[in-house]
Amino acid sequence: MTRTALVLGDQLSRDNPALEGADRVVLITSRALLARPGLHRQRAHLVLSGMRHLAEELREDGRVEVEQRTEDRLLDGVDALDGDVVCAYPTSWTMLEALQERGVELTPAPQFLTSPEAFERWAGGRRSLKMEDFYREQRRRLEVLVDDAGEPAGGTWNLDADNRRPPPKAGLDAPEPWRPTEDAIDEEVRHDLDRSGIAFWGKDAPRGFAVTPEEGTSALRSFVQGRLAGFGPWQDAMVDGERTLFHSNLSVPMNLGVLEPMRAVRAAERAYLRDDAPLQSVEGFVRQIVGWREYVWGMYWLRATQWPRRNAMGAREPLPQAYREGDSGWRCLDETVRSVRETGYAHHIERLMVLGTIGLTSGIRPWELVRWFARGFVDGAEWVMAPNAAGMALYADGGEMMTKPYAAGGNYVNRMSQHCPSCRFDPKKRTGEDACPLTALYWDFLDRHRDDLAGNRRIAMPLRSLAKIPDDELDAIRARARRARKELRGTAA
Ligand SMILES: Cc1cc2nc3c(=O)[nH]c(=O)nc-3n(C[C@H](O)[C@H](O)[C@H](O)COP(=O)(O)OP(=O)(O)OC[C@H]3O[C@@H](n4cnc5c(N)ncnc54)[C@H](O)[C@@H]3O)c2cc1C
């Protein structure tokens, strides 16, 4: 019987176990997936380019028959396959169910280091599911930055206290990230997308991220040589005109499956052992991958069916216009949305402390923000967005992932970015014409949730400050927060 390897768009690893022993490989382009509202044009380009590069490579190799199909729905293409079908573990719950219903044989997902079952065993019976505990076990299990006794290099597991530096006024002047050179496949992809008739969100631009293993290697090398050393101290900084700063730009190749996470981790570890990068940067980077990335993958599956309904803070606002148009008049938000439209990228702190925090304090419905993130970013996907946006940023899980909501006012953005001096609002003010909407929304959020958060010791101090605000000032804060929501929706007069 024919054995068909079905390769989905984010399973492009050349070591995909589904390819072993296959007579043919099938890659299906789904028109419906491309036409989902809000999908970033550059995201569509990256996935199609990655799939077509893999298909070309397999054809040149000549050992297996390769078939590329375009269907209205991906599952139409799966239904049309005869014989045995094998596929790597998919990255969404709905796809898993659909493949299981069709009797598709599943192999482990090559893009990750921890299976959903292993994560479930780690989580089983624990009272706390915090990332830090998982991360330490991962370091020991994978033998990363540990000595022979399993103790952490440098004597400390987490060196974040040495990081989180605000940016200097003059900016940071980080080396430019590696960018690929487009080829004939990219030209063909651009032509097809131009002719598709789909109204994508986000601009087209020369492809900016790696989609093949060779490109993934180049992007990794450039990061380790040029930016890893600065990763730790500057990972939370936001600087005008410097989008990537010292971040790695590696989420795209890792999520597409063309850069193995462990290669990135070992490359960083070697840089530390050679004294090419300080431990605070290497540990910080390693934590993002063996810690956060794997933890988020595990948390997605642990709560797979629950994520779409989770809304512990009772958020009711629809996704506001400002997240599509960048027209709120708030500099930090508009600049970040503009960057996402232009490049499909914003770094972690812009995602968490600008887009996420405003979503939390203004009360955007979690699943709407998850969808916006998952479609609007070059590295977006449900598995990574549900825990990050709903869990980490919006506290929709009621604190399963985070010990407190990531709520903050304009002062945080002022300290960590260059946005505020050229914004018309004052981050220190929470009432009045020039009051910063983030600051007003922050106090309004605490006010609306003071009972829900009363038992949380980590938020006790701000709640004590809230209790001292006089009633008339609190009314003015509420009014400013109401106007802020209108500004987000584009309905403020
Ligand atoms: C609200 C929100 C939305 C996010 N959406 C996405 C997304 O759609 N896709 C995505 O891959 N990541 C997402 N992240 C996680 C993280 O912000 C991105 O992985 C990172 O910004 C990608 O840029 P980089 O490759 O330069 O990362 P770096 O800052 O250089 O980090 C190195 C790598 O660590 C991994 N990583 C770091 N933090 C996380 C995390 N919290 N979850 C998963 N992986 C992590 C990524 O693979 C990343 O490439 C999101 C985080 C938040 C708070």
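The structure under discussion appears in the preceding block.
Residues numbered from 1 in each chain as written. Predicted model: local features only at pLDDT ≥ 70, side-chain atom pairs only at ≥ 80, totals over all residues. Heavy atoms only, no water.

Q: Describe the pattern of salt bridges, naming the residues involved and giving the relevant values.
A: Counted by the stated rule, this structure contains 48 salt bridges. A salt bridge links Glu-350 to Arg-243, with the nearest nitrogen and oxygen atoms 2.5 Å apart. One end of the pair, Glu-350, is in helix H15 (residues 348-362); the other, Arg-243, is in the loop between helix H9 (228-234) and helix H10 (251-256), with 107 residues separating them in the sequence. Judged on exposure class, the residue Glu-350 and its partner Arg-243 are both buried. (Salt bridge = Lys/Arg side-chain N within 4 Å of Asp/Glu carboxyl O. Helix = DSSP H or I, 4+ residues; strand = E, 2+ residues; numbered from the N terminus. Buried < 20%, exposed > 50% of the residue type's maximum accessible area, 1.4 Å probe, protein only.)

Q: Residue-level account of the packing of helix H16 (residues 366-376) against helix H17 (residues 382-393), with values.
A: Geometry of a packed helix pair, given as the angle between the helix axes and the separation of the axes. Two elements in contact, H16 and H17, have axes whose closest approach is 9 Å; the angle formed by their N-to-C orientations is 135°. With respect to H17, the axis of H16 lies oblique. Two packed elements cross with a definite hand, and for H16 against H17 that hand is right-handed. Mapping the contact onto sequence places Pro-366, Trp-367, Val-370, Phe-373 and Ala-374 in H16 and Glu-382, Met-385, Ala-386, Ala-389 and Ala-390 in H17. Its residues placed into classes, the contact of H16 with H17 shows nine nonpolar, no polar and one charged. (Axes fitted to C-alpha atoms, helices over the stretch in contact; angles between N-to-C directions. Parallel < 35°, antiparallel > 145°, perpendicular 65-115°, else oblique. Left-handed = near helix turned anticlockwise from the far one by under 90°. Contact = heavy atoms within 4.5 Å. Nonpolar A, V, L, I, M, F, W, Y, C, P; charged D, E, K, R; others polar.)

Q: So what's going on with the site of the ligand? Which residues, and what values?
A: Near the ligand you find 27 residues, and of these His-247, Ser-248, Tyr-345, His-348 and Met-385 are the closest. The backbone of Ser-251 places a nitrogen or oxygen atom 3.0 Å from an oxygen atom of the ligand. Here the ligand loses 99% of its free accessible area of 810 Å² to cover by the protein chains. Where the shell around the ligand is concerned, the elements lending two or more residues are H10, helix H12 (279-302), H15 and H17. In terms of residues, the shell around the ligand owes the most to one element, H12, which gives six residues. Classifying every residue of the shell around the ligand by side-chain character gives 14 nonpolar, ten polar and three charged. Two domains share the shell around the ligand, each providing at least three of its residues, namely domain 2 (116-177 + 227-302) and domain 3 (308-489). (Near = heavy atom within 4 Å. Polar contact = N/O pair within 3.5 Å; in protein donor to acceptor, adjacent residues only side chain to side chain. Areas by Shrake-Rupley, 256 points an atom, 1.4 Å probe, with all protein chains shown as cover. Domains from an automatic or database assignment.)

Q: Could you give me a rundown of a negative patch on the surface, with the residues and numbers involved?
A: The grouping of Glu-56, Glu-60, Asp-183 and Glu-187 at the surface amounts to a negative patch. Along the polypeptide, Glu-56 turns up in helix H2 (residues 41-61). Judged by its relative accessible area of 38%, Glu-56 is partly exposed. (Patch = residues over 30% accessible without salt bridge, like charges linked within 9 Å, V, L, I, M, F, W, Y side chains within 5 Å. Lys, Arg positive; Asp, Glu negative; His and termini not counted. Charge placed at Lys NZ, Arg CZ, Asp CG, Glu CD.)

Q: Pulling in residues and values, what's your account of the pairing of strand S4 (residues 84-88)?
A: With respect to burial, S4 is a largely interior element, four of its five residues being buried. As defined by bridge partners, strand S1 (residues 3-6) adjoins S4 across four bridges and the pair is classed as parallel. Pairing of Thr-4 across the sheet is with Val-85, part of S4. Of the pairings in the sheet, the one linking S4 to strand S5 (residues 105-107) comprises three bridges and is parallel in character. When the sheet's bridge partners are listed, Ala-88 is paired in S5 with Thr-107. What joins S4 to S5 is helix H4 (residues 93-101), and the crossover it makes is right-handed. (Pairing = 2+ DSSP bridges. Right-handed = clockwise from strand over helix to strand, strands pointing away.)

Q: Which residues make up the packing of helix H19 (residues 437-448) against helix H21 (residues 460-467), and what values go with them?
A: Here H19 crosses H21 at 95°, and the two axes come no closer than 10 Å. In terms of orientation, H19 and H21 fall into the roughly perpendicular class. Listed contacts from H21 to Tyr-442, Trp-443, Leu-446 and Asp-447 of H19 are Pro-462, Leu-463, Ser-465 and Leu-466.

Q: How would you explain the state of the cysteines if you had to name every residue and give the values?
A: Taken as a whole and assessed by the stated rule, the structure comprises zero disulfides. You can see Cys-436 has no disulfide; the closest cysteine sulfur is in Cys-420, sitting 6.3 Å from it. Judged by its relative accessible area of 8%, Cys-436 is buried. (Disulfide = S-S within 2.5 Å.)

Q: Please set out the nonpolar core residue by residue, giving values where relevant.
A: Formed by 113 residues in total, the largest nonpolar core has its most connected members in Leu-228, Phe-285, Tyr-323, Trp-330, Leu-333, Trp-372 and Leu-446. Of the residues forming this core, the biggest block, 13 residues, is contributed by H12. A domain-level breakdown of this core finds at least three residues from each of domain 2 (116-177 + 227-302) and domain 3 (308-489). Leaving out residues up to four positions away in the same chain, Tyr-323 has contacts with Trp-201, Leu-333, Val-337, Val-354, Leu-355, Ile-358, Gly-359, Ile-364, Leu-369 and Trp-372. Core analysis: the next-biggest nonpolar cluster, separate from the first, contains 24 residues, Val-7, Leu-12, Leu-58 and Val-66 among them. (Core = buried A, V, L, I, M, F, W, Y, C linked by side-chain atoms within 4.5 Å.)

Q: Just give me the short version of the packing of aromatic side chains, but keep the residues and values in it.
A: Per the stated rule, a full pass over the model turns up 22 aromatic pairs. Summarising the aromatic geometry, the rings of Trp-201 and Trp-372 are spaced 6.1 Å apart at their centres and angled 65° between planes, so their arrangement reads as edge-to-face. Residue Trp-201 is located in the loop between helix H7 (184-195) and helix H8 (213-226), and its partner Trp-372 is located in helix H16; the two are separated by 171 residues in the primary sequence. Since its relative accessible area comes to 12%, Trp-201 is described here as buried. Judged by centre distance (5.1 Å) and plane angle (75°), the ring pair of Tyr-300 and Trp-301 falls under edge-to-face. Taking the relative accessible area as the measure of exposure, Tyr-300 reaches 0% and is therefore buried. Taken together through their ring pairs, the aromatic side chains of Tyr-89, Phe-112, Trp-297, Tyr-300, Trp-301 and Trp-383 make up a single cluster. One residue, Arg-165, lies across the ring of Trp-234, its end atom 5.2 Å from the ring centre. Residue placement shows Arg-351 over the ring face of Tyr-345; its charged tip is 5.6 Å from the ring centre. (Phe/Tyr/Trp six-rings, centres within 6.5 Å; stacked < 30°, edge-to-face > 60°. Lys NZ or Arg CZ within 6 Å of the ring centre and 35° of its normal.)

Q: An account of H17 is needed here, citing residue identities and associated values.
A: Extensive coverage of H17 is indicated by the burial of ten of its twelve residues. Listed as buried for H17 are Trp-383, Val-384, Met-385, Ala-386, Pro-387, Ala-389, Ala-390, Gly-391, Met-392 and Ala-393. Elements that come into contact with the buried residues of H17 comprise H10, H12, H15 and H16. Looking one or two residues past H17, Tyr-395 carries a phi angle of roughly 55°, positive in sign.

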